[in-house]
Amino acid sequence: QDEQVFTLLHLSAVSFTALILTELLMVALEVHTWHWLMLFAEACSMLCYLIAIFVLSDTFDRTVMFKPQFLGKVLIVTLVSCLPVTIGKFLKRKLAPPAYSKVT
């Protein structure tokens, strides 16, 4: 079976999906105390994006978007964008902890 050509439409779908996931992950990583409304807002954001995939059929190619190759590309782009920030925050917290965490 021939590999489908990765078009500009597919590239923009990968980058936009990764952007949505990155933003949701960054918000989730910043929250220290979760409230049910925050979880609800994150879930609603993801649901709105999933609905948009089905409603905007001329913008999103659903035949490609739910394939493992597409999801793998989205995962790689999301990790490349989130991992350095997450590692940096972790190292900053370990090497220069805030004053309130130093009190024992």
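Remember, predicted model here, so these are calculated numbers, not experimental data.

A. Representation of the side chain of Asp61 within the structure. Along the polypeptide, Asp61 turns up in the loop between α2 (36–55) and α3 (62–65). Although buried, Asp61 forms no salt bridge, and the nearest oppositely charged side chain, Arg62, lies 7.4 Å from it. At 2.9 Å, the side chain of Asp61 forms a polar contact with the side chain of His10.

B. Broad picture of the packing of aromatic side chains. For the coordinates displayed, the defined rule picks out 4 aromatic pairs. Between Trp36 and Phe40 the ring centres are 6.5 Å apart and the planes differ by 55°, which places this aromatic pair in the tilted class. Highlighted residues: Trp36 and Phe40, both in helix α2, separated by 4 residues, approximately one helical turn. Under the relative-accessibility criterion, Trp36 is labelled exposed at 58%. Among the residues examined, Phe40 registers a relative accessible area of 48% and is labelled partly exposed.

C. Inspection of α2 at higher detail. Over its 20 residues, α2 runs 28 Å from end to end, which matches the ideal 28 Å to within 8%, given 1.5 Å per residue. The complete set of buried residues in α2 reads Glu42, Tyr49 and Ile53. Across the axial projection of α2, the buried residues extend over an arc of 50°, all falling on one side. Away from the buried face of α2 by more than 90 degrees, exposed residues Trp36, Cys48 and Val55 are located. As for α2, its buried residues are in contact with α1 (8–30) and α3.

Analysis parameters
Residues numbered from 1 in each chain as written. Predicted model: local features only at pLDDT ≥ 70, side-chain atom pairs only at ≥ 80, totals over all residues. Heavy atoms only, no water. Helix = DSSP H or I, 4+ residues; strand = E, 2+ residues; numbered from the N terminus. Buried < 20%, exposed > 50% of the residue type's maximum accessible area, 1.4 Å probe, protein only. Lys, Arg positive; Asp, Glu negative; His and termini not counted. Salt bridge = Lys/Arg side-chain N within 4 Å of Asp/Glu carboxyl O. Polar contact = N/O pair within 3.5 Å; in protein donor to acceptor, adjacent residues only side chain to side chain. Phe/Tyr/Trp six-rings, centres within 6.5 Å; stacked < 30°, edge-to-face > 60°. Expected span 1.5 Å × (residues − 1). Arc of directions from axis to C-beta. Contact = heavy atoms within 4.5 Å.

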